[in-house]
Amino acid sequence: MDKIIIQGGKALHGDVLISGAKNAALPVMAAALLTEGTNTFHNIPDLMDIKTIKKLLRNLGAQIEGEQTLQINVDKINSCVAPYELVKTMRASVLVLGPLVARMGVARVSLPGGCAIGARPVNLHIKALEEMGAQIELKEGYIEAKAKKLKGAEIYFDISTVTGTENVMMAATLAQGTTILRNAACEPEVVNLAEVLNGMGAKISGAGTDVIKIEGVTSLKPTEGTIIPDRIEAGTFMIAAGMTHGELNILGCVPEHLEALINKLRDTGMKISPIKGGLKATGTKKINSVDVKTLPYPGFATDLQAQMMAYMSIGGGLSVITETVFENRFMHVSELARMGADITIQGNNAIVRGVPQLRGAPVMATDLRASASLILAALVAKGTTEISRVYHLDRGYEQIEKKFSAVGANIKRVAG
Ligand code: EPZ
């Protein structure tokens with residue numbers, strides 16, 4: 001398995017071009033199952049998870065050409081099964097459930113199972129589809145769903161769920177009647193998906209708010225859409241500028257998607273200013289420690305919690321980081337501690353006492369965003385850090401070591 005080796009201590013300067021968002025591309029590609037004909041999607045990132053969903057969609061009968069701009073044709077669906085072997089490598093595979101039930105009236109999708117950051121059930125996806133008339137059984141680790149024709153329903157999500165909102169929104173586009181989703185997720189990736197679905201002829205309003213209305217139509221047609229930039233990648237590089245006391249132009253990002261982070265980084269003393277095509281992030285000499293609480297969008301993104309913890313581990317004081325979205329998203333704490341961070345976990349709070357200097361060490365990536373926090377810590381640590389299991393990183397960051405070395409980091413990947 002590949003490793004990433006970093007010599008810490010370099011301030012980062014220069015331009016970073018942000019790639020398309022993994023968490024927007026995955027549901028948009030699944031939406032292609034709803035139409036016959038060829039859909040064209042632009043700004044698709046080159047990531048492991050994209051390769052995985054391509055494999056899954058091809059298994060179902062899709063023809064897919066291209067990379068950054070890709071064509072997906074699903075004239076015919078010749079399987080409605082999403083097998084465990086594929087779903088276990090990427091939980092977001094569950095996003096084919098809604099489209100398959102809507103278009104084919106049947107689906108057999110493996111339960112995703114948990115992952116490092118939590119149990120991550122999909123009970124809310126299932127409950128909503130049942131409220132729309134699907135008969136659903138859980139058998140031998142699979143979700144077996146059947147529905148002659150889904151019916152519009154009023155659905156309330158107990159918990160704001162991103163892929164739950166996306167799955168049900170896709171299913172509702174072809175239901176008989178109108179569906180209202182309440183306590184829906186407001187993430188920009190949900191809005192991106194709604195725009196693509198409306199381009200296919202769906203009738204969706206309210207995406208981006210917590211009440212989304214979908215009027216069912218009889219069929220959808222293929223469309224052309226563009227994936228939004230990855231706000232989590234952008235946030236990761238903004239934090240890197242702060243940690244290394246450097247200055248980065250984050251190009252291609254959408255500042256409105258990063259308001260919670262921008263607000264926090266300014267509180268730490270960083271300068272964040274809009275520039276043509278994105279944002280300029282400038283580090284500060286003295287890092288103020290700030291408290292962070294993760295929340296559904298537009299609150300502070302849980303996917304930036306680990307990166308912010310790396311930043312606060314060299315802050316000037318004490319920071320309390322509260323994780324409210326996932327129950328086990330502190331796997332990076334023990335690895336950061338190996339580098340000299342002073343962090344105590346109390347329930348869903350991490351108490352981070354800033355230290356003057358982190359030290360390089362061999363560390364292990366445990367999940368996608370935890371891996372990013374280890375890279376950030378390594379960039380400022382004294383000496384060499386060797387990060388193993390970087391396949392976690394490849395799931396969600398396009399050529400991350402190339403992007404970091406282009407702005408001055410001493411970083412290289414070695415085949416493991
Ligand atoms: C999406 O995951 C993202 N993945 C995650 O990004 C992100 O961390 C998460 O949203 C929160 O923003 C994709 O979009 C592919 P949820 P998702 O359903 O949809 C509970 C990354 O690093 N829940 O919004 O799976 C759940 O356990 C990944 O790119 C239920 O209880 O997350 C969690 O506590 C990691 N029942 C909370 O809701 C359900 O049926 C939010 O989960 C669904 C969710």
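Residues numbered from 1 in each chain as written. Predicted model: local features only at pLDDT ≥ 70, side-chain atom pairs only at ≥ 80, totals over all residues. Heavy atoms only, no water.

Caption draft 1: Spatial organisation of the sheet that holds strand β17 (residues 278–282). Across the sheet, which stays open at both edges, the 4 strands sit in the order β2-β15-β17-β16 with mixed pairing between neighbours. Taken across any chain shown, the strands that pair with only one partner, and hence form the sheet edges, are β2 (13–17) and β16 (271–275). Mean inter-strand twist for the sheet, computed between neighbouring axes without regard to direction, equals 20 degrees. Contacts from helix α8 (residues 231–243) reach β2, β15 (247–251), β16 and β17, with the element oriented near 165 degrees to β15. (Pairing = 2+ DSSP bridges. Helix = DSSP H or I, 4+ residues; strand = E, 2+ residues; numbered from the N terminus. Axes fitted to C-alpha atoms, helices over the stretch in contact; angles between N-to-C directions. Contact = heavy atoms within 4.5 Å.)

Caption draft 2: Quick look at the pairing of strand β20 (residues 342–346). Examined bridge by bridge, β20 and strand β21 (residues 349–353) share 5 bridges and lie antiparallel to one another. Note that in β21 the partner of D342 across the bridge is R353. Taking the residues that link successive antiparallel strands as the turn, the β20-β21 hairpin has 2 residues, and the phi of G347 there is positive, at about 65 degrees.

Caption draft 3: Spotlight on the domain arrangement of the protein chain. Here the protein chain is described as being made up of domain 1 (3–19 + 229–414) and domain 2 (22–226). Each side of the interface is counted separately: domain 1 has 22 residues, and domain 2 has 20 residues. Our count for the domain 1 to domain 2 interface comes out at 2 salt bridges. Between R395 and D49 there is a salt bridge, and its shortest N-O distance comes to 2.8 Å. Inspection of the domain 1/domain 2 interface yields 5 residue pairs in polar contact (both at pLDDT 80 or more). Looking at the side of domain 1 that touches domain 2, the elements that each hand over two or more residues are α12 (368–380) and α13 (391–396). Tallying contributions element by element places α13 first for the side of domain 1 that touches domain 2, with 3 residues. (Domains from an automatic or database assignment. Salt bridge = Lys/Arg side-chain N within 4 Å of Asp/Glu carboxyl O. Polar contact = N/O pair within 3.5 Å; in protein donor to acceptor, adjacent residues only side chain to side chain.)

Caption draft 4: Quick peek at the site of the ligand. Taken together, 22 residues are adjacent to the ligand, and N123, T161, T163, D303 and V325 come closest. Take V325: an N or O atom from its main chain is 2.5 Å from an oxygen atom of the ligand. R369 is positioned such that a nitrogen or oxygen atom in its side chain is 2.9 Å from an oxygen atom of the ligand. For the ligand, the protein covers 88% of the area, taking 830 Å² as the surface of the free molecule. Element by element, the count of residues in the shell around the ligand is highest for helix α5 (residues 123–131), at 3 residues. Partitioned by chemical class, the residues of the shell around the ligand number 9 nonpolar, 7 polar and 6 charged. (Near = heavy atom within 4 Å. Areas by Shrake-Rupley, 256 points an atom, 1.4 Å probe, with all protein chains shown as cover. Nonpolar A, V, L, I, M, F, W, Y, C, P; charged D, E, K, R; others polar.)

Caption draft 5: Highlighting the packing of α8 against helix α9 (residues 259–267). Where α8 meets α9, the axes come as close as 11 Å, and the angle between the chain directions of the two elements is 5 degrees. Regarding the angle of α8 to α9, the classification is roughly parallel. Together, G235, M238 and I239 of α8 and L261, I262 and L265 of α9 make up the contact between the two elements. Broken down by class, the residue content of the contact of α8 with α9 amounts to 5 nonpolar, 1 polar and no charged. (Parallel < 35°, antiparallel > 145°, perpendicular 65-115°, else oblique.)

Caption draft 6: Seen up close, the environment of R395. Take R395: it is sitting in helix α13. Overall, the relative accessible area of 27% leaves R395 in the partly exposed class. When the C-alpha atoms of R395 and M29 are compared, they prove to be 16 Å apart, with 366 residues separating the residues in sequence. If we ignore the near neighbours within four places in the chain, the residues touching R395 are K22, L47, M48, D49, T89 and M90. (Buried < 20%, exposed > 50% of the residue type's maximum accessible area, 1.4 Å probe, protein only.)

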